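Here is how the chains run, residue by residue.
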Amino acid sequence: MFVFILRRLIQALVVMVAVAFIAFMLFQYVGDPVVFLLGQDAKPDQIRQLRTDLGLDQPFFVQFWHFLSNAVQGEFGLSLRQGAKVSRLIAERLPATLELALVAAVLALLIGVPLGVYSALRRGSFLSQVFMTISLLGVSLPTFLIGILLILAFSVGLGWFPSFGRGEVVQLGWWQSGLLTLDGWHHLVLPAITLAVFQLTLIMRLVRAEMLEVLRTDYIRFARARGLSNRAIHFGHALQNTLVPVITITGLQLGQLIAFAIITETVFQWPGMGLLFIQAVTFADIPVMAAYLCLIALIFVLINLVVDLLYFVVDPRLRVGATGGH
């Protein structure tokens, strides 16, 4: 296990250095930060002085080393649009995005896994066919359209939920949480459902396909021959072996929920990192774009590491292989 974790950490380190290099290249080829800070009418002496202060007159690899050292400390300079530290902007927006993504992921799991199991065990029933039809719609419809339809139905039409904003939040140190207030949950419902629909349908179809595959295996037939109950076979044997690919997809989808909540946050004006990134792209705010890229890469790396560790818990064959067994 130690060697496995060490190998994964080395791979993660290589990935993060590569992503940091790509983010650093934004500073080199996407506009000139000195021009953004001083404006087009700046004098040559002012430009030279600011380049010296920012270290932009140093060799390429020296600049990259400084960028990498600062990135490890969570420092990416000042936002060119807002004039504030990028680390502070990220810290202000990160809680909103994480809470939205986590609630959407919990919804997708709590609904998607049971529906997938039911659709596999009752695949010929009318209700199972309805679930599969709805899942096809969930996979096909774009996220922004789902969000707009929910706003039209539940905000404009029925007036049950607000159509934008995060609502009332509670300050817990540097963390701002909307999960501790009723108004926060009221604002969270529609964005969370919008973000969860695609993941829910994907998990449901994956669980159904894997469950049907597992139910055809020889050890399930042997369990039936031993006289085990359907409940023990379905939930004690089949579902457990279905969880390995589900864990993989769920882990990767959680990273995608965080990284690609941009559309949902834009539709609902949710004050998270996605909306911050859209604004940064619009104004060519390179430090914010670089920080967002590095942070999302770090989240994916950490999630993949956790998923790999969960493999050892769920699938005993990996533990046997790791110890040299057959």
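Remember, it's a predicted structure, so these values are computed and weren't measured experimentally.

(A) Region of the structure containing the overall build of the protein chain. Counting its secondary structure elements, the protein chain contains 14 helices and two strands. The buried share of the protein chain, reckoned over its 326 residues, is 41%. Accessible surface, the protein chain: about 17,800 Å² in total, of which carbon and sulfur atoms supply 69%.

(B) Structural context of the pattern of salt bridges. Here the structure, examined in full by the defined rule, presents two salt bridges. Across the pair Glu92 and Arg88 runs a salt bridge, and its minimum N-O distance is 2.7 Å. With a gap of four residues between them, Glu92 and Arg88 both fall in helix H5 (residues 86–121), about one helical turn apart. Taking the relative accessible area as the measure of exposure, Glu92 reaches 37% and is therefore partly exposed. Exposure remark for Arg88: the relative accessible area of 42% places this residue in the partly exposed category. In this structure, Glu99 engages Arg166 in a salt bridge whose closest nitrogen and oxygen atoms are separated by 3.0 Å. Here Arg166 lies in the loop between helix H7 (143–157) and strand E1 (170–172) and Glu99 lies in helix H5, a separation of 67 residues in the sequence. Each member of the pair, Glu99 as well as Arg166, carries the same accessibility label: buried.

(C) Spotlight on the packing of H5 against helix H6 (residues 126–140). It is at 9 Å that the axes of H5 and H6 come closest, and there the two elements cross at 130°. Considering the angle they form, H5 stands oblique to H6. Judged by the twist between their axes, the crossing of H5 over H6 is left-handed. On H6, the residues touching Leu115, Tyr118 and Ser119 of H5 are Leu127, Ser128, Phe131 and Met132.

(D) The arrangement of helix H12 (residues 273–282) in detail. Met273, Gly274, Leu275, Leu276 and Ala280 are the residues of H12 that are buried. Note on H12: the residue one or two positions beyond its end, Ala284, has a positive phi of about 55°.

(E) Representation of the packing of aromatic side chains. Counted by the stated rule, this structure contains five aromatic pairs. Between the aromatic rings of Tyr118 and Phe131, the centroid separation amounts to 5.9 Å while the plane-to-plane angle is 70°, which identifies the pairing as edge-to-face. Here the residue Tyr118 occupies a position in helix H5, and Phe131 occupies one in helix H6, the gap between them amounting to 13 residues. Tyr118 gets classed as partly exposed once you look at its relative accessible area, which sits at 31%. Given the relative accessible area of 18%, Phe131 is considered buried. Their ring planes at 20° and their centres at 4.5 Å tell us that Phe277 and Tyr292 sit as a pair that is stacked. Placement of Phe277 in helix H12 and of Tyr292 in helix H13 (residues 286–314) is noted, with a sequence separation of 15 residues between them. Members of the aromatic cluster, joined through ring pairs, are Phe154, Trp160 and Phe161.

(F) Geometry of the packing of H6 against helix H8 (residues 182–215). Close contact between H6 and H8 brings their axes to 8 Å; oriented N to C, the two are set at 135°. If you check the angle between H6 and H8, you find them oblique. Crossing angle aside, the handedness with which H6 passes H8 is left-handed. Contact with H6, carried on its side by Phe131, Met132, Ile134, Ser135, Leu136, Gly138 and Val139, involves Val197, Phe198, Thr201, Met204, Arg205 and Arg208 of H8 and no other residues of that element. Its residues placed into classes, the contact of H6 with H8 shows eight nonpolar, three polar and two charged.

(G) Layout of unusual backbone geometry. Of note, Gln269 is a non-glycine position whose phi angle comes to about 50°, a positive value. Looking at the element boundaries, Gln269 is found in the loop between helix H11 (262–267) and H12. Judged by relative accessible area, which is 43%, Gln269 ranks as partly exposed.

Procedures and definitions
Residues numbered from 1 in each chain as written. Predicted model: local features only at pLDDT ≥ 70, side-chain atom pairs only at ≥ 80, totals over all residues. Heavy atoms only, no water. Helix = DSSP H or I, 4+ residues; strand = E, 2+ residues; numbered from the N terminus. Buried < 20%, exposed > 50% of the residue type's maximum accessible area, 1.4 Å probe, protein only. Areas by Shrake-Rupley, 256 points an atom, 1.4 Å probe, with all protein chains shown as cover. Salt bridge = Lys/Arg side-chain N within 4 Å of Asp/Glu carboxyl O. Axes fitted to C-alpha atoms, helices over the stretch in contact; angles between N-to-C directions. Parallel < 35°, antiparallel > 145°, perpendicular 65-115°, else oblique. Left-handed = near helix turned anticlockwise from the far one by under 90°. Contact = heavy atoms within 4.5 Å. Phe/Tyr/Trp six-rings, centres within 6.5 Å; stacked < 30°, edge-to-face > 60°. Nonpolar A, V, L, I, M, F, W, Y, C, P; charged D, E, K, R; others polar.

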